[in-house]
Amino acid sequence: MELCDKSALELSRLLRKGEITSRDITESVFQRIHEKESSINAFITTTPDLAFQQADKADRRLRKEKNRSPLMGIPIAIKDILCTKGIRTTCGSKMLGNFFPAYHATVVDRILDQGAVLIGKTNMDEFGMGSSTENSIIGPTHNPLHPDYVSGGSSGGSAAAVAAGETILAIGTDTGGSIRLPSAFCGIVGMKPTYGRVSRYGLIAYASSLDQVGAMGRSVQDCALLLDEMTGHDPLDSTSADMAGSNFLDSITHDIKGIKIGIPKEYFIQGLDPRIQDHIMEAVSLLKANGATIREISLPHTQYAVSAYYLIATAEACSNLARYDGVRYGFRATDDIEDTITMYEATRSLGFGREVKRRIMLGTYVLSAGYYDAYYLKAQKVRTLIREDFIKAFENVDCIIAPVSPCLPFKLGEKMDDPLQMYLVDIYTVSLNLSGLPGMSIPCGSADGLPIGMQIIGRPFDEQMVFNVGYAYEELSGD
Ligand code: GLN
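Cut-offs used in this document
Residues numbered from 1 in each chain as written. Predicted model: local features only at pLDDT ≥ 70, side-chain atom pairs only at ≥ 80, totals over all residues. Heavy atoms only, no water. Near = heavy atom within 4 Å. Polar contact = N/O pair within 3.5 Å; in protein donor to acceptor, adjacent residues only side chain to side chain. Areas by Shrake-Rupley, 256 points an atom, 1.4 Å probe, with all protein chains shown as cover. Nonpolar A, V, L, I, M, F, W, Y, C, P; charged D, E, K, R; others polar. Patch = residues over 30% accessible without salt bridge, like charges linked within 9 Å, V, L, I, M, F, W, Y side chains within 5 Å. Salt bridge = Lys/Arg side-chain N within 4 Å of Asp/Glu carboxyl O. Lys, Arg positive; Asp, Glu negative; His and termini not counted. Charge placed at Lys NZ, Arg CZ, Asp CG, Glu CD. Helix = DSSP H or I, 4+ residues; strand = E, 2+ residues; numbered from the N terminus. Buried < 20%, exposed > 50% of the residue type's maximum accessible area, 1.4 Å probe, protein only. Core = buried A, V, L, I, M, F, W, Y, C linked by side-chain atoms within 4.5 Å. Contact = heavy atoms within 4.5 Å. Axes fitted to C-alpha atoms, helices over the stretch in contact; angles between N-to-C directions. Parallel < 35°, antiparallel > 145°, perpendicular 65-115°, else oblique. Pairing = 2+ DSSP bridges. Disulfide = S-S within 2.5 Å.

Novice: Residue-level account of the site of the ligand, with values.
Specialist: What surrounds the ligand is a group of 15 residues, the closest being Thr175, Gly176, Ser178, Tyr206 and Tyr309. In the model, an oxygen atom of the ligand is placed 2.8 Å from a nitrogen or oxygen of the Thr175 main chain. Measuring from an oxygen atom of the ligand, one finds a backbone N or O atom of Gly177 at 3.3 Å. Contact with the protein chains covers 99% of the free accessible surface of the ligand, which is 290 Å². Residue composition of the shell around the ligand, grouped by class: four nonpolar, eight polar and three charged.

In structure tokens:
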């Protein structure tokens with residue numbers, strides 16, 4: 001096995017014992033990028049020079065420092081939606097095609113302080129808007145397991161890079177499923193923490209009340225290892241929870257005896273691919289056979305989740321994206337500014353892609369006078385009902401198991417002309433963002449060689465439960 005295919009946890013042990021160096025791992029990762037990147041397209045930017053400098057620095061620190069982070073010397077890729085000082089940050093958009101931030105996002109600062117090695121910035125749907133990583137200025141990211149299929153989105157570059165061994169770990173963001181869906185489609189583990197658990201400072205905003213940064217890796221423990229380095233209060237983000245950093249990795253246990261798992265009856269209905277249903281039910285039986293109690297639960301407002309999400313997300317997006325007007329930074333269509341309105345129009349028409357423009361128009365419509373109450377306000381009320389469904393369910397269960405996606409990975413281009421079909425892929429993921437809950441996607445078998453993801457949902461700030469159940473399943477299934 002090549003170093004780039006090993007888990008972060010194992011690499012960290014080998015580094016500690018002095019059997020390998022961070023430079024060895026970094027070389028292995030860039031060798032894999034060299035072999036595979038032309039067929040996957042997971043990266044918008046790679047940063048080899050910086051990576052080798054950081055690897056050498058990590059090797060020096062590994063020799064000197066006693067209490068070091070398990071992340072030290074481990075290669076990591078970052079979604080191109082997080083600001084990296086002096087490193088181009090495009091958000092998958094022509095609008096930011098030449099944007100070099102003046103500061104690091106807090107999560108980037110934190111992991112680099114711990115000695116992680118930055119491999120590059122990963123491909124994504126423009127501004128996070130999409131479920132397939134097909135809406136990007138550099139073109140789609142291909143599924144590493146099947147090049148004709150999508151990688152899922154919007155953090156498809158991060159998921160594909162992890163799956164292909166082009167990085168060991170990756171950071172993604174999740175507004176309506178963008179960590180969990182590509183993790184499911186590429187057969188890796190992806191964790192969206194509770195809203196407020198991880199700082200959003202330096203994250204380019206899509207829909208601020210839904211956006212959350214999270215961890216992606218090839219095992220549950222690897223995700224816990226990474227997330228532990230990202231959590232903790234940040235005074236620079238007013239929505240960051242006032243709590244200490246986490247210790248998920250050290251607290252992880254596979255003992256699930258007596259844990260009560262809820263199965264939402266509204267989730268396993270027509271429209272869910274029966275192969276996905278079968279695999280998840282098999283997983284549930286396995287957990288039951290090992291001591292978990294299974295209970296049917298009801299989340300009665302599930303059917304309204306996609307509509308509520310696409311009203312709230314587009315409303316927030318149209319407001320957040322108003323800043324891209326060609327005046328202060330980013331793309332400007334013309335310098336011939338006789339007329340400011342013409343400059344705005346040309347800049348926004350040429351700088352944004354089709355899907356982003358569709359979202360801005362939808363969002364503007366639902367916020368406009370006369371429609372605000374009928375759409376936006378109503379969606380906010382539905383959001384409360386969806387959250388209350390979960391709070392009620394969690395009175396009787398410790399976690400919830402669900403599909404991540406109603407369908408298997410689909411072919412590139414298959415849903416591009418039908419936005420509604422694309423939006424429906426998010427049916428099982430958006431409720432968590434509307435409710436702020438933590439959720440993980442974990443590999444759960446495959447059908448026709450295409451991976452299936454199982455979703456584990458926890459109470460607010462109970463990521464530990466999600467990690468434990470995920471870890472137990474990983475051990476039991478041998479996946
Ligand atoms: N697919 C969803 C959307 O397009 C979610 C994207 C995300 O989580 N960033 O809005």
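Novice: Would you mind going over a positive patch on the surface in detail, with residue names and values included?
Specialist: Taken together, Lys57, Arg60, Arg63 and Lys64 make up a surface patch of like positive charges. Among the structural elements, Arg60 can be located in helix H3 (residues 48-64). Judged by its relative accessible area of 42%, Arg60 is partly exposed.

Novice: Quick one: what's the story with the nonpolar core, residue by residue and with numbers?
Specialist: Formed by 156 residues in total, the largest nonpolar core has its most connected members in Leu82, Phe127, Met230, Phe390 and Phe467. With eleven residues, the single largest contributor to this core is helix H10 (residues 305-320). Other than its neighbours up to four places away in sequence, Phe127 contacts Ile81, Cys91, Ser93, Met95, Leu96, Ile204, Tyr206, Leu321, Tyr324, Phe352 and Val356.

Novice: Which residues make up the environment of Arg218, and what are the values?
Specialist: By secondary structure assignment, the location of Arg218 is in the loop between strand S8 (212-217) and helix H7 (220-230). With relative accessibility at 24%, the residue Arg218 sits in the partly exposed group. Through-space distance from the C-alpha of Arg218 to that of Lys6 is 8.6 Å; in sequence the pair is 212 residues apart. Look past the residues within four positions of Arg218 in its chain and what remains in contact with it is Cys4, Asp5, Lys6, Val162, Gly165, Thr167, Ile168 and Val189.

Novice: Which residues make up the pattern of salt bridges, and what values go with them?
Specialist: Taken as a whole, this structure holds 16 salt bridges when the rule is applied. For Lys17, the salt bridge identified is with Glu19, shortest N-O distance 3.7 Å. Relative accessible area serves as the criterion here: at 59%, Lys17 is assigned to the exposed category. A salt bridge links Asp80 to Lys121, with the nearest nitrogen and oxygen atoms 3.0 Å apart.

Novice: Give a detailed account of unusual backbone geometry, specifying residues and quantitative values.
Specialist: The amide bond that connects Gly153 to the next residue, Ser154, takes the cis arrangement and shows omega of 10°. Relative to the helices and strands, Ser154 resides in the loop between strand S5 (146-150) and helix H5 (156-164). You will see that Cys91, though not glycine, has its phi angle at about 60°, which is positive. By the secondary structure assignment, Cys91 is in the loop between strand S2 (75-79) and helix H4 (106-113). A positive phi is found at Phe461, a non-glycine position, where the angle reads about 65°. With respect to the helices and strands, the residue Phe461 is situated in the loop between strand S13 (450-458) and helix H16 (463-477). Given the relative accessible area of 31%, Phe461 is considered partly exposed.

Novice: Explain the packing of helix H9 (residues 274-289) against H16 residue by residue, including any values.
Specialist: At a minimum axis separation of 10 Å, H9 and H16 run at an interaxial angle of 95°. One way to sum up the angle between H9 and H16 is to call them roughly perpendicular. Each of Ala283, Leu286 and Leu287 in H9 lies in contact with H16, whose residues at this interface are Val469, Tyr473, Leu476 and Ser477.

Novice: Kindly report on the pairing of S5, identifying the contributing residues and their values.
Specialist: Where strand S4 (residues 142-143) lies against S5, two bridges are found, and the strand directions are antiparallel. Among the inter-strand pairings, Asn143 is bridged to a residue of S5, identified as His146. With antiparallel pairing between neighbouring strands as the criterion, S4 and S5 make up a hairpin whose turn holds two residues.

Novice: Any details on the sheet that holds strand S9 (residues 260-264)? Residues and values, ideally.
Specialist: Spatial ordering of the open sheet is given by S1-S3-S2-S6-S8-S7-S12-S13-S11-S9-S10, a layout of eleven strands whose pairing is mixed. Every interior strand has two partners, whereas the edge strands, strand S1 (43-46) and strand S10 (293-297), have only one. The sheet shows a mean angle of 30° between the axes of neighbouring strands, taken without regard to direction. Pairing analysis gives three bridges linking S2 to strand S6 (residues 169-174), with the strands arranged parallel. Bridge pairing links Ala77 to Ala170 in S6. Here helix H2 (residues 22-40) sits on the sheet and contacts S1, S2 and strand S3 (117-122); the angle it forms with S3, its principal contact strand, is near 25°.

Novice: Tell me about a nonpolar patch on the surface, and name the residues and values.
Specialist: Together, Val327, Ile341 and Tyr344 line one region of the surface with nonpolar side chains, adding up to about 250 Å² of accessible area. Examined against the element boundaries, Tyr344 turns out to sit in helix H11 (residues 340-351).

Novice: Summarise the state of the cysteines; cite the residues concerned and give the values.
Specialist: Taken as a whole and judged by the stated rule, the model has zero disulfides. Considering cysteine sulfurs only, Cys91 is the nearest to Cys318, which forms no disulfide, with 16 Å between them. According to the relative accessible area criterion, Cys318 is buried, its value standing at 12%. Its sulfur unpaired, Cys399 is 14 Å from the next cysteine sulfur, which belongs to Cys444.

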